[in-house]
Amino acid sequence: MALLKSNKIIYCLGTISPSLGVLSARSSSWWGGVQMGPPDPILGVTEAFKRDTNPKKMNLGVGAYRDDQGKPFVLSCVRKAEAIIAAKQLDKEYLPIGGLGEFNKACAQLALGDASEVLKSGRSITVQTISGTGSLRVGANFLARFHAGPRDVYLPKPSWGNHTPIFRDAGMQLKAYRYYDPSTCGFDFKGALEDISKIPEQSVILLHACAHNPTGVDPRSEQWKEIADLVKKRNLLVFFDMAYQGFASGDIDRDAWAVRHFIEQGHNILLSQSFAKNMGLYGERVGGFTIVCKDAEEAKRVESQLKILIRPIYSNPPMNGARIAATILNTPELRSLWLEEVHGMANRIIKMREQLVAGLKKQGSSHNWQHVIDQIGMFCFTGLKPEQVERLTNEFSVYMTKDGRISMAGVTSGNVGYLAEAIHAVSK
Amino acid sequence: MSLFSDVPQAPPVAVFKLTADFREDSHPQKVNLGVGAYRTDDCQPWVLPVVKKVERLIVEDESLNHEYLPILGLPEFRSAASKVALGDDSPAIKENRVGGVQALGGTGALRVGAEFLRRWYNGVNNTATPVYVSAPTWENHNGVFTDAGFKDIRPYHYWDAAKRGLDLAGFLDDLEKAPEYSVFVLHACAHNPTGTDPTQEEWKQIAEVMKRRKLFVFFDSAYQGFASGSLEKDAWAIRFFVSEGFELFVAQSFSKNFGLYNERVGNLTVVAKDNENLTRILSQMEKIVRTTWSNPPSQGARIVSKTLNSAELFDEWYGNVKTMADRVLLMRDQLKAKLQALGTPGTWDHITQQIGMFSFTGLTPTQVEYMIKEKHVYLMASGRINMCGLTTKNIDYVAQSIHEAVTKVQ
């Protein structure tokens, strides 16, 4: 028999076994062979949380900032920018494929710094993207099409769960370098250097610029310097993912230090930026993708190819969020206000870290929870095991991802005590 | 030595290059009949009054925030959008076998649908499954399906240049000869670029062959309401195919009929055999969306959702849509009349027979070049003009220019 299409297979199965005959309804559908996809591990947590009726429930899953009342926070600078934009009564004409020019410029400046030689020389190209995910995907697609080196992208172990499928769907392959040390809940510097030193030349290495997701563990600057040197020696292509500029330390320049250092050291990097967290523009999908090239001429060629890639995905990007972000970045009072608000968000998280550790001590926990304070950014890798996480969810309605990651942004002064209680209960 | 030294300069996307050239042209009578966006009689972009109203409501609503939408998008938007395509009384919707995936414009909806088909249609891995697009078609159709992984994109006969109409015989013949299970991209109405749609009788013939040959129906619906001024009329083909029992996809765009071009509002409507199939399909759509854009932008979807879900705003919107459709119909009438009055060689009935934003004039590439270089009237090399670029103020000049092009140049 010739190779059958799936509905023919199901039809044949139906004749073999009567019980499979019930599939005949499916057999008349094109989609009988479509498997049920597993729920997204991260976004799936929020959906499970919503269904829970426990009044004490806590959503520590997705990394969206919450204020101390546990409510979503719309930044004042965003509201002000929206009012300014509304008053302008702009039209809704298509943006260029590469997005809003004033946004792209400001986005690059934010990451690279005003004094950047790269920006002065015009040897980089920045395109507006659908937030960080869209940026990574465009970059991954670009690599798949144009990177002459190995197909392998090296991710830190662990990395954001969506990195792997993004690169895979783009046609790249994934490998890993050691990063997180479970015994210290800190950075496995030695392991990282060892693994990086073995990466074949011209491979792509992905680095989290700051506030590593999911661990919250960042290299110190001396460590970054060594990594930069080693990566240069290995002739690797660097892809930075910066989704938390401003969110990690509260200071945008400090959080971009690694990116800027690598560029200064001569790495012509790829860079993904997201404004989902640092401007609270999650659902507006604001991001940028930058490639630092050899010179302006190369940047033009690269830009033309990025457009060719983008056009068959979504033609051109959405205006609203980019317009808001550009207005904030380019209006001095709003920019200052924004910096204050980002600082405020970062500080609240730092405070929650301190309170959680204090709470755990108070509960009488014998474990060392210093890593909760040492780690940086929205996430904390608690070190809890999957069974403990399951208990936290089932017994205490504390929702988090199975890897033990909690979003500190979901912690408030009102629930930090309960969280300490719950964590202590499952870990004592 | 750069890793990117060998990256070739890509050619610009033609339709955007045309607009760029137009912008640089300083000729006082220049006319842009290129990119497909609506213009008022003053040749200005038009933000629909209902959109302005709803945007104000959104900005003033302090209870709204900027949180992530679900992966598949805003639920109220998805259901309202699918209802617009299939009709309020759609049996398929009542039977709970219709779902929507909010996407980045019509392009995004096509891409998500294409990615899904490549992975899951008719057994897994459909890179070799033929995908048929009309000859000619919107130029991005090719790119979307190619980049989604399909290796065999083929044309199906559509435009008959000699008679300036639909090549139905050629179309039906291609349907008969296509390998079973091939994917066909159909324009629901207001075919881009020709403006030539099958009649209801012709659609029936097309559907009969497609059903018999087990061909997959993928509608591209970018102009519902815009074409005739009637949502129902412009969705007739879609609804007919659904009533014939097809499982199908509809890539919907709200760029034109809501004038929301830059907010990227689209919806992939999925009509499945039953709810169980639909559920599994949507679960796999989520995975595709997650690695492409994670979740879609909220602003545009909110505007459309608020409008479609309020009886009053819906009526206001319908009125705005009719305003646009009527102006286009007026320009069609006037252009044909003026060409006939000038005695321009050839027949010009196709201008009023065609429908929607575009007209395939029948001008040759050299005549088009003449139009652009000598008359500063910008149109696509295919001879496609955007009727929206015509106004009562420039229509005489354009008619005169066409007359000259046809009489002076081959």
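Under an unreviewed UniProt entry, the name given to chain B is Aspartate aminotransferase, and the organism recorded is Amphilophus citrinellus. UniProt's Subcellular location (unreviewed entry) comment on chain B is quoted here verbatim: "Cytoplasm".

Chain A goes by Aspartate aminotransferase in an unreviewed UniProt entry, where it is assigned to Amphilophus citrinellus. According to the UniProt record, the Cofactor (unreviewed entry) comment for chain A reads "pyridoxal 5'-phosphate". Database annotation for chain A, UniProt heading Sequence similarities (unreviewed entry): "Belongs to the class-I pyridoxal-phosphate-dependent aminotransferase family."

*Asks:* Account for the environment of Lys351 of chain A, with residues named and values stated.
*Replies:* Its location among the elements puts Lys351 of chain A in helix 15 (residues 332-363). Along the primary structure Lys351 of chain A and Ile373 of chain A are separated by 22 residues, whereas in three dimensions their C-alpha atoms are 9.1 Å apart.

*Asks:* So what's going on with the packing of aromatic side chains? Residues and values would help.
*Replies:* Centre distance and the angle of the planes are the two values used to describe a pair of aromatic rings. Residues and elements named next belong to chain B. All chains considered together, the criterion is met by 47 aromatic pairs over all chains. Geometrically, the ring pair formed by Tyr156 and Phe171 is stacked, given 4.6 Å between the ring centres and 25° between the ring planes. Note that Tyr156 is positioned in strand 4 (residues 153-157) and Phe171 in helix 7 (residues 168-177), a separation of 15 residues in sequence. Judged by centre distance (5.6 Å) and plane angle (75°), the rings of Phe314 and Trp317 are edge-to-face. Highlighted residues: Phe314 and Trp317, both in helix 13 (residues 311-342), separated by three residues, approximately one helical turn.

*Asks:* Got a sec to walk through the interface of chain B and chain A? Specific residues and values, please.
*Replies:* Contacts between the two partners involve 79 residues from chain B and, on the opposite side, 80 residues from chain A. Between chain B and chain A lies a buried interface of about 7,200 Å² when both sides are counted; carbon and sulfur atoms form 56% of it. Between the two partners, chain B and chain A, sit seven salt bridges. For Glu67 of chain B, the salt bridge goes to Arg66 of chain A, with nearest N and O atoms at 2.8 Å. Applying the counting rule to chain B against chain A returns 31 residue pairs in polar contact (both at pLDDT 80 or more). For the side of chain B that touches chain A, the secondary structure elements donating two or more residues are helix 1 (14-24), helix 2 (49-60), helix 5 (105-120), helix 6 (139-147), helix 11 (275-290) and helix 12 (298-308) of chain B. Take the side of chain B that touches chain A: its biggest share by element is nine residues, from helix 11 of chain B. A per-class count over the side of chain B that touches chain A returns 33 nonpolar, 25 polar and 21 charged.

*Asks:* Give a description of the sheet that holds strand 3 (residues 131-135) of chain B that names residues and reports values.
*Replies:* Residues and elements named next belong to chain B. Sheet architecture is open: seven strands sit in the order 2-10-9-8-7-3-4, paired in mixed fashion. The sheet is open, and its two borders are formed by strand 2 (98-104) and strand 4, each paired with just one other strand. Between one strand and the next, the sheet's axes are offset by a mean angle of 25°, whatever the strand orientation. Here helix 11 sits on the sheet and contacts strand 2, strand 9 (248-253) and strand 10 (265-271); the angle it forms with strand 2, its principal contact strand, is near 10°.

*Asks:* Got a sec to walk through the environment of Glu102 of chain A? Specific residues and values, please.
*Replies:* Residues and elements named next belong to chain A. Locating Glu102 in the fold gives a position in helix 5 (residues 101-112). Taking the relative accessible area as the measure of exposure, Glu102 reaches 41% and is therefore partly exposed. Taking the C-alpha atoms as reference points, Glu102 and Gln245, separated by 143 residues in sequence, lie 19 Å from one another. When near neighbours in sequence (up to four residues on either side) are disregarded, Glu102 contacts Arg323, Ala326 and Asn330.

*Asks:* Go over the sheet that holds strand 7 (residues 204-208) of chain A, please, and point to the residues and values.
*Replies:* Residue and element names in this part refer to chain A. The sheet built from seven strands is open, its strands ordered 2-10-9-8-7-3-4 with mixed pairing. The open sheet has two free edges, formed respectively by strand 2 (124-130) and strand 4 (173-178), since each of these has just one partner strand. Each strand of the sheet is rotated relative to its neighbour by a mean of 25°, with strand direction disregarded. As judged from the five bridges shared by strand 9 (residues 270-274) and strand 10 (residues 286-292), these two strands associate in the antiparallel manner. By the bridge assignment for strand 10, Leu270 is matched with Ile291. Here helix 9 (residues 189-196) sits on the sheet in contact with strand 4 and strand 7, set at roughly 135° to strand 4.

*Asks:* Lay out the nonpolar core with the relevant residues and their values.
*Replies:* Formed by 81 residues in total, the largest nonpolar core has its most connected members in Phe218, Phe249, Leu268 and Met285 of chain B. Beyond its immediate stretch of four places on either side in the chain, Met285 of chain B contacts Leu72, Val101, Val112, Phe116, Phe249, Leu268 and Val270 of chain B. Core analysis: the next-biggest nonpolar cluster, separate from the first, contains 67 residues, Met352, Leu360, Val372 and Val398 of chain A among them.

*Asks:* Lay out the side chain of Arg111 of chain B in plain terms, naming residues and giving numbers.
*Replies:* Mapped onto the secondary structure, Arg111 of chain B falls in helix 5. Among all residues touching Arg111 of chain B, those that are not within four sequence positions of it are Pro312 and Ile313 of chain A together with Val144, Asp147 and Ala148 of chain B.

Each value, and the rule that gives it
- Residues numbered from 1 in each chain as written.
- Chains lettered and ligands numbered in written order.
- Predicted model: local features only at pLDDT ≥ 70, side-chain atom pairs only at ≥ 80, totals over all residues.
- Heavy atoms only, no water.
- UniProt positions renumbered as here; feature names shortened; annotations may be inferred.
- Helix = DSSP H or I, 4+ residues; strand = E, 2+ residues; numbered from the N terminus.
- Phe/Tyr/Trp six-rings, centres within 6.5 Å; stacked < 30°, edge-to-face > 60°.
- Contact = heavy atoms within 4.5 Å.
- Buried area = accessible area lost by both parts, 1.4 Å probe.
- Salt bridge = Lys/Arg side-chain N within 4 Å of Asp/Glu carboxyl O.
- Polar contact = N/O pair within 3.5 Å; in protein donor to acceptor, adjacent residues only side chain to side chain.
- Nonpolar A, V, L, I, M, F, W, Y, C, P; charged D, E, K, R; others polar.
- Pairing = 2+ DSSP bridges.
- Axes fitted to C-alpha atoms, helices over the stretch in contact; angles between N-to-C directions.
- Buried < 20%, exposed > 50% of the residue type's maximum accessible area, 1.4 Å probe, protein only.
- Core = buried A, V, L, I, M, F, W, Y, C linked by side-chain atoms within 4.5 Å.

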